[in-house]
Amino acid sequence: MKAPVGLSSRQSGLRSKCRVFSAARTWIHEKGAARPFQTPKGKSKRKKANRFAKTGCGAQRPLRALSGTRVLLTAAPTAPPCIHRRRRSSLLHFFLVSPIYGFAEDFMLQIEESMNHLGDYDVIVIGAGHAGIEAAHAAAMLGAKTAVFTMSLDAIGNMPCNPSIGGTAKGTLVRELDALGGVMGLAADATYLQSRMLNKGKGPAVHALRVQTDRKRYHEYMKHALELTPGLTIHQAEIISIEVEDGHVKGVVTQLNGEYGAKCVVIATGTNLGGKIFVGDAWYASGPDGMHAANALTESLKAAGLPLRRFKTGTPARVHRRSIDFAKLECQPGDPDNELQPFSFMTDAPMHNKVECWIAYTNPETHRIILDNIQRSPLYGGMIEGVGPRYCPSIEDKVVRFAGKDRHPIFVEPCGENTEEMYLQGASSSLPEDVQNAFYRSIKGFENIEIMRPAYAIEYDCVDPTSLEATLESKVVRGLYGAGQFNGSSGYEEAAAQGLLAGLNAARNALGESQLILPRQSSYLGTLVDDLVTKGVMDPYRMMTSRSEYRLTLRQDNADTRLTPIGREYGLVQDDRWTKYQQTQAVLDAERRRLHDAHLRTADLRAAMEAAGLAPAAEGGIAEELLRRPEIDYPLIAGMIGWGEGITPMLAERLETEIKYAGYIARQDRMIHEVARHEKTLIPEDFSYTELTGLTLEAREKLARIRPKNLGQAGRIPGVSPSDVAQLSIALAANQSKA
């Protein structure tokens, strides 16, 4: 007998009414459903029944059917795409469980679910965290009809970890993001509490701007920025599945049974995707800050063939300001107001630091408490499966891995101007709450600490980034893009930068235009993406200056020169930013010419140097040449010839860097030119590596799996040696001559 239509499911949040027909009873009994099963010893029939009640995401989905009987869904294949308010037909696998008779029988039911087609978009962005914001904004600004979906409008631009923007290498990413037309730099300038330039005692290649932000105001700024973006629609809804047809994404389905068509989709799910929170031996499915986990979407992505993996990160406790004895801590003030620099090249408003940060230190007693309870940590107890970040370890990891250190710093930072919450950077943990109380209170200044939010670890799902193109488009499902932690990276800044690139390329793909690939020698963003898609990651990827071979060229101060013309060419840089960029370049060019033409007399130079407390120079000369000397800076020169028109302290520092390091920069430019030759040697998409016996087996396997676009990218794949590259170069030349 054919399975009846009418029994319906609630799988993955898709709801429709349950109806029971007499035909269903007849069919179930014909299947022999009254056959009893054996209940294991020590287990009730209810517990036994629950064993059969798990869907792919581990949730229990009961159906009302016969009186006293539950029909439980266990699996469902990916359904075909739907059209306006049509019924979607799915073949579902059920177990029938009766608490009265104790029987279980599996059978298949044909179920129809009513779908509501609610619209079509060029680009849909899943998630409105730092990656999702930039992706949605970029796509809409390019003219694509765009929608962004978030589980909660109140979580747009949320900072579930440190309420700060920037830092070493990360600050450069924010400047690059701004130069391309992104939002993060403007938001950071509008909501900062304290600003500091890191690494000022080192060379300009590693200078890094970092600001402490007001967490709530940052969210409000970003939410309003999206609301004001033309062509962008914001939806509060959970996406539970993507719809794929012939290897191409076609749309998404929401928990409320809504369906939206899309030419391209950007996944920017952060740590919500399959999220699981750990505190000691307690764990539960959740995203950060009490948001629920997106489990159903994980199952949909797996069904579509995406190679997913588990990563882990964590966050420290938030504590009450009144419970800290600041007299026992080190004060960490921001930079003087006259030295403050904005993130955005568009920000002209004067800046003023509003708060101070502080530093506390762990001690041997802190470490003893942690080590005595280390097996209670899910990280060391075996509960956590995901791989954690190498460069942002938990306090447990620090104590275990760096056993020789007597203390570790903890940075005490405010979460906002109008809150008493303080963030303890450097003390993330997954230890139980009682252990957290004990080790925090062993720290000087924290003796009476009041924990407002306990520290926790979170596991989440992400994709293997080598399954992505350099455009961040999936090789498995065309039109599907990834950004942020979904791609295996960590950090707000890394996420936002990828989000902009993914959103830009998704929009251009949807509009039938060429996509943007940033070479690694062009930017930190290019380096970040190239590392992800070419080398892959074994743990959450964090951007660092050491990852770039060209960091003297890729400084934060010249991000506009490097990237704003690219942003303009690809349609993201608007007229106001382009005008500002052209004005800045004109000011810099004019001042460079003035310094080249200005001649300083020996007497004037010696007098100025003596007044500055410097050993006098032997003789005067051309201002530009004098600036090459390490002891002479632009303000000293300007004291004699005057400040150039339109030159700010920020531009003066940039000019000085370019003049002092001109020789080194020229050498890096030559290296970049040499690398560009390899980047121009393209590899056909259907190129076969199996017959290249001169390559090692490892090289052939990795080249065939990653499928690099050019010879330069091939040479950066781990396991591909210089001799492999040489052999490949010969084979490509021979292949081209045959063509």
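Structure shown above.
Below is a summary of the structure that appears in this document. No experiment lies behind these values; they were computed from the predicted model shown.

A few words now on the sheet that holds strand E18 (residues 330–332). Taken in spatial order, the 6 strands make up an open sheet running E18-E19-E20-E21-E17-E22, and their pairing is antiparallel. The open sheet has two edge strands with one neighbour each: E18 and strand E22 (451–453). Pairwise comparison of adjacent strand axes, ignoring direction, gives a mean angle of 35° for this sheet. Summarising the sheet, strand E19 (residues 357–361) and strand E20 (residues 409–414) pair through 4 bridges and their orientation is antiparallel.

To continue, consider the pairing of strand E14 (residues 276–279). One face of the sheet, then the other: side chains in a regular strand alternate in exactly this way. Judged from the 4 bridges that link them, E14 and strand E15 (residues 282–285) form a sheet pairing that is antiparallel. Following the sheet pairing, Ile 277 is matched in E15 by Tyr 284. Between E14 and E15, which pair antiparallel and follow one another directly, the connecting turn spans 2 residues, one of which, Gly 280, has a positive phi of 65°. Examined bridge by bridge, E14 and strand E23 (residues 456–463) share 3 bridges and lie antiparallel to one another. Among the inter-strand pairings, Lys 276 is bridged to a residue of E23, identified as Glu 459.

The next thing to look at is the pattern of salt bridges. On inspection of all chains with the given rule, the structure shows 47 salt bridges. For the salt bridge of Glu 493 with Lys 170, the shortest nitrogen-to-oxygen distance reads 3.4 Å. One end of the pair, Glu 493, is in helix H12 (residues 492–510); the other, Lys 170, is in helix H4 (residues 170–179), and 323 residues separate them in sequence. We classify Glu 493 as buried; its relative accessible area is 4%. Residue class for Lys 170 comes out buried when judged on its relative accessible area of 9%. Across the salt bridge formed by Arg 210 and Glu 413, the nearest N and O atoms sit 3.0 Å from each other. Of this pair, Arg 210 sits in strand E9 (residues 208–213) while Glu 413 is found in strand E20, placing the two residues 203 residues apart along the sequence. Comparing Arg 210 with Glu 413, the two get one shared label, buried.

Before going further, it helps to spend a moment on the packing of helix H8 (residues 364–372) against helix H11 (residues 433–441). Put simply, H8 and H11 touch, their axes get as near as 8 Å, and they point 165° apart. As judged from the angle between their axes, H8 and H11 are roughly antiparallel. Between H8 and H11 lies a crossing of right-handed hand. Each of Thr 366, Ile 369 and Ile 370 in H8 lies in contact with H11, whose residues at this interface are Val 435, Ala 438 and Phe 439. Residues belonging to the contact of H8 with H11 are distributed by class as follows: 5 nonpolar, 1 polar and no charged.

Thresholds, definitions, all that
- Chains are numbered independently. Their residues run from 1 in the order of the written sequence.
- Whole-chain, interface and lining totals are the exception, using all residues; otherwise, since this is a predicted model, local features are given only for residues with pLDDT of at least 70 and side-chain atom pairs are given and counted only at 80 or more.
- Side-chain measures were taken over the full set of non-hydrogen atoms in the model, leaving aside hydrogen atoms and water.
- Whether two strands pair comes down to DSSP finding at least two bridges between them.
- Secondary structure elements follow DSSP: runs of H or I no shorter than four residues count as helices, runs of E no shorter than two count as strands, and numbering proceeds from the N terminus.
- Here an axis means a line fitted to C-alpha atoms, over the contact stretch when the element is a helix, while the angle between two N-to-C directions is reported on a 0 to 180 degree scale.
- Think of a salt bridge as a Lys or Arg side-chain nitrogen and an Asp or Glu carboxyl oxygen that are within 4 Å of each other.
- In this scheme, a residue with accessible area under 20% of its type's maximum is buried, one over 50% is exposed, and one in between is partly exposed, where area comes from a 1.4 Å probe on protein chains only.
- Orientation is classified from the angle alone, with under 35 degrees giving roughly parallel, over 145 giving roughly antiparallel, 65 to 115 giving roughly perpendicular, and any other angle giving oblique.
- Helix crossings get a hand from a simple test, with the near helix turned counterclockwise from the far one by less than a right angle marking a left-handed crossing and a clockwise turn marking a right-handed one.
- Contact definition: two residues touch when any of their heavy atoms are within 4.5 Å.
- Note on residue classes: Ala, Val, Leu, Ile, Met, Phe, Trp, Tyr, Cys and Pro are nonpolar, Asp, Glu, Lys and Arg are charged, and everything else, Gly too, is polar.

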